[in-house]
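Now for the letters of each chain:
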Amino acid sequence: MWITPLPPSLSALGEGSHGSILNGNYAPYRLSSAWKPTFDFTFQPSLDRDRILTLAQLGFVDRHEAVHFLGPPGTGKSHLATALGVEAVKAGKSVYFTTLADLIASLARSEREGRLQERIRFFCRPSLLIVDEIGYLPVVHGGGNLFFQLVNARYERGAMILTSNRGFAEWGDVFGDPVVATALLDRLLHHAVIVQIEGSSYRLRQHAELMPEHVRSKALIAPPAFAPPQKPRGRPPKNPQLSLSSTSA
Ligand code: ADP
Ligand code: MG
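Residues numbered from 1 in each chain as written. Chains lettered and ligands numbered in written order. Predicted model: local features only at pLDDT ≥ 70, side-chain atom pairs only at ≥ 80, totals over all residues.

A. Spatial organisation of unusual backbone geometry. A positive phi angle, close to 75°, is found at Leu58, a residue other than glycine. With 18 C-beta atoms counted inside 10 Å, the residue Leu58 sits in the partly exposed group. Even without being glycine, His64 reaches a positive phi, approximately 60°. Taking the number of C-beta atoms within 10 Å as the measure of exposure, His64 has 16 and is therefore partly exposed. (Buried ≥ 20, exposed ≤ 12 C-beta atoms within 10 Å, placed from the backbone.)

Below, the structure written as structure tokens:
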């Protein structure tokens, strides 16, 4: 069960339509073929359904807060961020969806062209800025600084949703700079809602149905609570394609 069906104008856009300013006519996300406008809360018991439904009432947008979805790959972070974005669009709010990598690439390009401030003003325009996939790809040198400038410009002026597979303690590694990470978290945790998803990958569940029971039983489908990725020790696993950390976002 989930919030509401996608309006036809949104679902019609199909894949690859992310990264647009939204005003009710555009989809704020990459629609994958696996996308469904319903979210099965029974699959993620660690999620407080009422809390998500409260977020869907969009008070956080009006209060210019930051909502963080944290958890391992496949647990529905992008799905929930997108669904909230759709709700905001339907409520007439402007929403922009991007990944951290795309956002930083865009800011870096504008900086090279001497138009950084203009680009930051552009990203300050939407009422809600969704930044997906923090922590999946290494941030390029100087990227954390660019992201900080944007976050600082939006701070207390516009809402954000951020999704990450990494805990806040790891942001120093993610951004390659503990000072920038601390400054980012200072802004992003001040007026913040943190939703930690501690559960199994919905994607792996789908794969699991195709896998024999003896493979399924090796704790791949029901990993323990979300924890920072461990440095690999010893020999690599025999089935690396089944490893949780190798699943792309
Ligand atoms: P994450 O961003 O945490 O890696 P996604 O939100 O991309 O995960 O979810 C992976 C896929 O599984 C998407 O197609 C998403 O729609 C679907 N999905 C994840 N969790 C659920 C759920 N609880 N109910 C229904 N579909 C889900
Ligand atoms: Mg994701």
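B. Inspection of helix α7 (residues 143–154) at higher detail. In a regular helix each residue adds 1.5 Å, so 12 residues correspond to 16 Å; α7 covers 17 Å between its end C-alpha atoms and thus fits that length. Among all positions in α7, only Gly143, Gly144, Leu146, Phe147, Phe148, Leu150, Val151 and Arg154 are buried. Taken together, the buried residues of α7 touch α5 (100–112), α6 (116–124), β3 (128–134), β4 (159–164), α8 (171–175) and α9 (178–188). A positive backbone phi angle near 65° is found at Glu156, which sits one or two residues after α7. (Helix = DSSP H or I, 4+ residues; strand = E, 2+ residues; numbered from the N terminus. Expected span 1.5 Å × (residues − 1). Contact = placed C-beta atoms within 7 Å.)

C. Representation of the pairing of β4 within the structure. Summarising burial for β4: 6 of the 6 residues are buried, a large majority. Alternating residues of β4 divide into Ala159, Ile161 and Thr163 and Met160, Leu162 and Ser164, and every residue in both groups is buried. The pairing of β3 with β4 spans 5 bridges and is parallel. By the bridge assignment for β4, Leu129 is matched with Met160. Crossover β3 to β4 through α7 is right-handed. (Pairing = 2+ DSSP bridges. Right-handed = clockwise from strand over helix to strand, strands pointing away.)

D. Examining the environment of Arg49 more closely. One can find Arg49 in helix α2 (residues 49–55). On a C-alpha basis, the gap between Arg49 and Phe39 in space is 10.0 Å, while along the polypeptide they are 10 residues apart.

E. Structural view of the nonpolar core. Ranked by internal contacts, the top residues of the largest apolar core, which has 47 residues, are Leu128, Ile130, Val131, Phe147, Ile161 and Leu184. Ranked by the residues each element gives to this core, the list is headed by helix α4 (residues 77–90), at 7 residues. (Core = buried A, V, L, I, M, F, W, Y, C linked by C-beta atoms within 7 Å.)

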